[in-house]
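Fold and contact review
Residue-level listing of the chains:
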Amino acid sequence: MLHVVPAFSRIGEENAFAVLARAQALVAQGRDVINLGIGQPDMPTPAHVVEAGIKALRDGHHGYTPAVGILPLREAVARDIHRRHGVEVSPDSVMIVPGGKVTMFMAILMFGEPGAEILYPDPGFPIYRSMIEFTGATPVPVPIREENGFAFSAAETLALITPKTRLLIVNSPANPTGGVTPKAEIDALVKGLADHPDVAVLSDEIYGTMTYDGERHHSLLKYPEIRDRLVYLDGASKTYAMTGWRLGWSVWPKPLYDAARKLAVNAHSCVNAATQWAGIAALDGPQDCVAEMVAAFDRRRAIVVDGLNALPGVSCIAPKGAFYAFPNISRTGWKAKPLAATLLEEAGVAVIGGPDFGVHGEGYIRLSYANSAENIRRALARMETFLGARQPG
Ligand code: PLP
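On a predicted model such as this, the values are computed, not experimentally measured, just so you know.

**Structural notes on the overall build of the protein**
Counting its regular elements, the protein contains 13 helices and 12 strands. Here the C-alpha radius of gyration of the protein, 21 Å, is about what a compact globule of 393 residues would show, namely 21 Å. Across the 393 residues in the protein, those meeting the buried criterion constitute 57%. Long-range contacts, defined as pairs at least 24 residues apart, comprise 75% of the intrachain contacts of the protein with a sequence gap of at least 6. Of the accessible surface of the protein, which amounts to about 16200 Å², a share of 56% is contributed by carbon and sulfur atoms. Put simply, the protein has 37 plus and 40 minus side-chain charges, and the middle of one group is 2 Å from the middle of the other.

**Examining the sheet that holds strand β5 (residues 165-171)**
Taken in spatial order, the seven strands line up as β2-β8-β7-β6-β5-β3-β4 in an open sheet, and their pairing is mixed. Edge positions in the open sheet fall to β2 (94-97) and β4 (138-143), since each of these has one partner strand only. Neighbour-to-neighbour, the strand axes of this sheet turn through a mean angle of 20 degrees, independent of strand direction. Bridge analysis of strand β3 (residues 117-122) against β5 gives three bridges, and the strand direction is parallel. Bridge pairing in β5 places Glu 117 opposite Thr 165. Lying over the sheet, helix α5 (residues 100-111) contacts β2, β3, β5, β6 (200-204), β7 (230-235) and β8 (248-251), oriented at roughly 160 degrees with respect to β7.

**So, the packing of helix α3 (residues 47-58) against helix α10 (residues 273-284)**
Their axes nearest at 8 Å, the elements α3 and α10 cross at an angle of 145 degrees. Crossing of α3 over α10 shows right-handed handedness. The residues of α10 that touch α3, namely those facing His 48, Val 49, Ala 52, Gly 53, Ala 56 and Leu 57, are Ala 274, Trp 277, Ala 278, Ala 281 and Ala 282. Partitioned by chemical class, the residues of the contact of α3 with α10 number nine nonpolar, two polar and no charged.

**Side note on the domain arrangement of the protein**
Along its sequence, the protein is carved into domain 1 (7-45 + 288-388) and domain 2 (61-284). With centres defined by C-alpha atoms, the gap from domain 1 to domain 2 works out at 25 Å. Each partner contributes residues to the interface: domain 1 has 40 residues there, and domain 2 has 38 residues. Between domain 1 and domain 2, the buried area comes to about 3300 Å², and carbon and sulfur atoms account for 61% of it. Considering only the surface of domain 1 that becomes buried against domain 2, Lys 320, Phe 357 and His 360 emerge as the three largest contributors, covering 19% of it. Connecting domain 1 to domain 2 are three salt bridges. In this structure, the salt-bridge partner of Lys 101 is Glu 14, at a minimum N-O distance of 2.8 Å. One can count 22 residue pairs in polar contact (both at pLDDT 80 or more) joining domain 1 with domain 2. Among the elements of the structure, α1 (7-10), α11 (288-309) and β9 (324-325) are those that each provide at least two residues to the side of domain 1 that touches domain 2. Here the side of domain 1 that touches domain 2 takes six residues from α11, the largest share from any one element.

**Some thoughts on the nonpolar core**
Residues Leu 73, Met 95, Ile 169, Trp 252, Phe 297 and Leu 308 are the most contacted members of the largest nonpolar core, which totals 132 residues. If you tally residues by element for this core, the top one is α11, at nine residues.

**Topic: the pattern of salt bridges**
Tallying each qualifying case throughout the model produces 21 salt bridges. Each of the salt bridges in this network shares a partner with another, and the network as a whole consists of Asp 80, Arg 83, Arg 84 and Asp 234.

**A short note on the pairing of β7**
Across the six residues that make up β7, a large majority, six, are buried. Taken together, the four bridges between β6 and β7 define a ladder with parallel strand orientation. Bridge pairing links Asp 204 to Leu 233 in β7. Note: β7 against β8, four bridges, orientation antiparallel. For Leu 233, the partnering residue across the bridge sits in β8 and is Ser 250.

**Quick look at the environment of Arg 145**
Mapping Arg 145 onto the fold places it in the loop between β4 and α7 (154-159). By relative accessible area, which is 29% here, Arg 145 ends up partly exposed. Between the C-alpha atom of Arg 145 and that of Val 4, which follows or precedes it by 141 residues, the distance is 38 Å.

**Examining the environment of Val 142**
As for its placement among the helices and strands, Val 142 is situated in strand β4. Judged by relative accessible area, which is 4%, Val 142 ranks as buried. As a C-alpha pair, Val 142 and Tyr 120 span 22 residues in sequence and 5.7 Å in three-dimensional space.

**With respect to the site of the ligand**
As a structural note, the neighbourhood of the ligand is formed by 14 residues, with Gly 100, Asp 204, Tyr 207, Ser 237 and Lys 238 the closest of them. In this structure, Tyr 207 approaches the ligand through a side-chain N or O atom, which is 2.7 Å from an oxygen atom. For the ligand, an oxygen atom lies 2.8 Å from a polar atom in the side chain of Arg 246. Here the ligand, which alone exposes 390 Å², has 94% of that area covered by the protein. The biggest single contributor to the shell around the ligand is α5, with three residues. Of the residues assigned to the shell around the ligand, the class counts are five nonpolar, five polar and four charged.

Quick notes on the rules
Residues numbered from 1 in each chain as written. Predicted model: local features only at pLDDT ≥ 70, side-chain atom pairs only at ≥ 80, totals over all residues. Heavy atoms only, no water. Helix = DSSP H or I, 4+ residues; strand = E, 2+ residues; numbered from the N terminus. Rg over C-alpha atoms; globule rule 2.2 N^0.38 Å. Buried < 20%, exposed > 50% of the residue type's maximum accessible area, 1.4 Å probe, protein only. Contact = heavy atoms within 4.5 Å. Areas by Shrake-Rupley, 256 points an atom, 1.4 Å probe, with all protein chains shown as cover. Lys, Arg positive; Asp, Glu negative; His and termini not counted. Charge placed at Lys NZ, Arg CZ, Asp CG, Glu CD. Pairing = 2+ DSSP bridges. Axes fitted to C-alpha atoms, helices over the stretch in contact; angles between N-to-C directions. Left-handed = near helix turned anticlockwise from the far one by under 90°. Nonpolar A, V, L, I, M, F, W, Y, C, P; charged D, E, K, R; others polar. Domains from an automatic or database assignment. Buried area = accessible area lost by both parts, 1.4 Å probe. Salt bridge = Lys/Arg side-chain N within 4 Å of Asp/Glu carboxyl O. Polar contact = N/O pair within 3.5 Å; in protein donor to acceptor, adjacent residues only side chain to side chain. Core = buried A, V, L, I, M, F, W, Y, C linked by side-chain atoms within 4.5 Å. Near = heavy atom within 4 Å.

Below you can see the structure in the form of structure tokens.
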């Protein structure tokens, strides 16, 4: 009998990957499935970025790099942060990691242990809670509410802090809701955090380039008063359509940087070298590819929101960021997970049930509109037929 440590009975996963596998299995059986489940841009990585990766391999970048990433890429990240947020960070505080997830993995490992409490958004990216539970820390959900436009509430967040709180995780623009937290609310959060100097903050800003309706993303990096306890998470997966390349980056306070570097040495050594060179091309190259992608998402967002609001029993507020819609389906009579499962099996539309993102996700489903306008229209038509004909099972 093998004795795997109990922590592994607590680790969770992302149901979006299970839905993707089921959707692919149905396609293999000859079914026509429209996948609005998975959260990745449907556009290819920009050609100049692909070329930079290929060139790096041809130029002989085959070996290990420093565990924290090559200096030219860390400098490019620092320039990107300055361009987008107007904030100076030292390349020596930037760490290159294999995807956005790795930063949250490291930060949660650093602060999670039995007896500690970690606050995280609910509904929110499922890996936050999974990793908190893995460490044995107590997960404390911060409710993310539709009536706040799916922004987090500073007051509600601060009220949940106790002497046991070690880490607060915030995410704006947010998965799965598309919520963007306004500057005033972030100001209020940072102000309140002055009373809790021992609480570290992980700010997941991986959708920071994707906002709509004139909404501006406001980075937590802009607050010097919390820089000594802020871990900033970003990466290329969403902004540059590079989910499979595995390229993320983080900014760490000085005392945590070396711990993160050691974790990298122990876990993955470094991000593959060609990907890092491609990352420089992405960050330093023309940014119109990003603007074009965001404009395409914006057009599809309108189709999704209008279409959802026309469905019986469904209402959807316009998401201000990322590429997800999070419609309220409670008046359809369906619970969210059975609705998602039945939509996939019977209507050939893959979406994710809100409870896969936390208990506060009941009554909602997540649709990714990183799919063609035509597919989104077809999916909405199928959902309309389904909801008109099929009673809750
Ligand atoms: N953070 C959020 C909020 C996400 O939605 C995702 C991916 O869906 C990630 C982080 C992880 O991104 P990556 O694929 O770069 O690990």
